[in-house]
Amino acid sequence: PTTAFWVLYGILGVILKLLSMGAIILGLGDHSLSEWMQAYKQSLSKFFPLLVAGILVQILVAIGFALLIIPGIYFSIAYSLVPFVVVLEKKEGWAAAKHSKHLMKGFVIDVCWRYLILGVVIYFLAAVFSKFIGSLGIDYIRPYLTLISTMVLLPTIFAFQYFIYKDLHRIKGN
């Protein structure tokens, strides 16, 4: 494949990720959405706010990692709830980033531990799964299984973050 193919593939991946993120968050936050297509349709209006907020967060995290590793980790966690703030609270850009940081204030280390535990569990499950597939001698289906596992893991990770978001909202009284 050519460079143009990979660029187009990357752009399509970003578009699908943002639409899926919006749809999953809407589905988690609005229990009246009975169909996934309805959630995707509603997520279309969240595409550009999610894109702008995502770029802003990536810049902040990159600056944090450029300063040292610790500020980068802090920014990654402090701004990890930005997609939920954009989709569920209709805040955009810097306002969404500030609100995510406000929700995380005083809880960054607690949330960091939760993310770390989730990461270890996912890594362990992936290693066991990969070893199992390898033992069967069917490595040719590994790319398809990777795609399927991603389709299962992303909603699980978003649900995990959603419960953190809801707990922090409850604690902060928002």
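In what follows, the structure referred to is the one given above.
Small disclaimer: the values here were computed from a predicted structure and weren't measured.

1. Quick notes on helix α1 (residues 3–29)
Okay, so step 1: In a regular helix each residue adds 1.5 Å, so 27 residues correspond to 39 Å; α1 covers 39 Å between its end C-alpha atoms and thus fits that length.
Okay, so step 2: The complete set of buried residues in α1 reads Leu18, Leu19, Ser20, Met21, Gly22, Ala23, Ile25, Leu26 and Leu28.

2. Observations concerning the packing of α1 against helix α5 (residues 82–89)
Okay, so step 1: Two elements in contact, α1 and α5, have axes separated by 10 Å at closest approach and are oriented at 65 degrees. Considered as vectors, α1 and α5 are oriented roughly perpendicular to each other. By crossing handedness, the relation of α1 to α5 is classed as right-handed. In contact with Met21, Gly22, Ile25, Leu26 and Gly29 of α1, α5 contributes Pro83, Phe84, Val87 and Leu88.
Okay, so step 2: Counted by class, the contact of α1 with α5 contains seven nonpolar, two polar and no charged residues.

3. A few points about the nonpolar core
Okay, so step 1: One finds Leu81, Val82 and Met104 to be the most contacted residues of the largest nonpolar core, which totals 34 residues.
Okay, so step 2: The set of elements that each furnish at least two residues to this core consists of α1, α3 (47–67), α4 (69–78), α5, α6 (93–104), α7 (108–136) and α8 (142–172).
Okay, so step 3: With sequence-adjacent residues up to four places away left out, leucine 81 is seen in contact with Ser100, Leu103, Met104, Tyr115, Gln161, Tyr165 and Leu168.

Scoring rules and cut-offs
Within every chain, residues take consecutive numbers counted from 1 along the sequence as written. Totals for whole chains, interfaces and linings use all residues, but because this is a predicted model, local features are given only for residues with pLDDT of at least 70 and pairs of side-chain atoms are given and counted only at 80 or more. Excluded from the side-chain calculations are hydrogens and water; all other atoms, namely the structure's heavy atoms, are used. Put simply, DSSP marks the helices as runs of H or I at least four residues long and the strands as runs of E at least two long, and each gets a number from the N terminus on. Expected span of a helix: the number of residues minus one, times 1.5 Å. Accessibility here uses a 1.4 Å probe with only protein chains present; expressed as a share of the type maximum, an area under 20% marks a residue as buried, one over 50% as exposed, and anything in between as partly exposed. The axes used here are C-alpha line fits, helices contributing only the stretch in contact, and every angle between their N-to-C directions lies in the interval 0 to 180 degrees. An angle below 35 degrees is read as roughly parallel, one above 145 as roughly antiparallel, one from 65 to 115 as roughly perpendicular, and any other as oblique. Helix crossings fall into two classes, left-handed where the near helix is turned counterclockwise from the far one by less than a right angle and right-handed where it is turned clockwise. Any pair of residues with heavy atoms lying within 4.5 Å of one another is described as a contacting pair. Classes in brief: Ala, Val, Leu, Ile, Met, Phe, Trp, Tyr, Cys and Pro nonpolar; Asp, Glu, Lys and Arg charged; the others, Gly included, polar. Buried residues of nine kinds, namely Ala, Val, Leu, Ile, Met, Phe, Trp, Tyr and Cys, make up a nonpolar core once their side-chain atoms join them within 4.5 Å.

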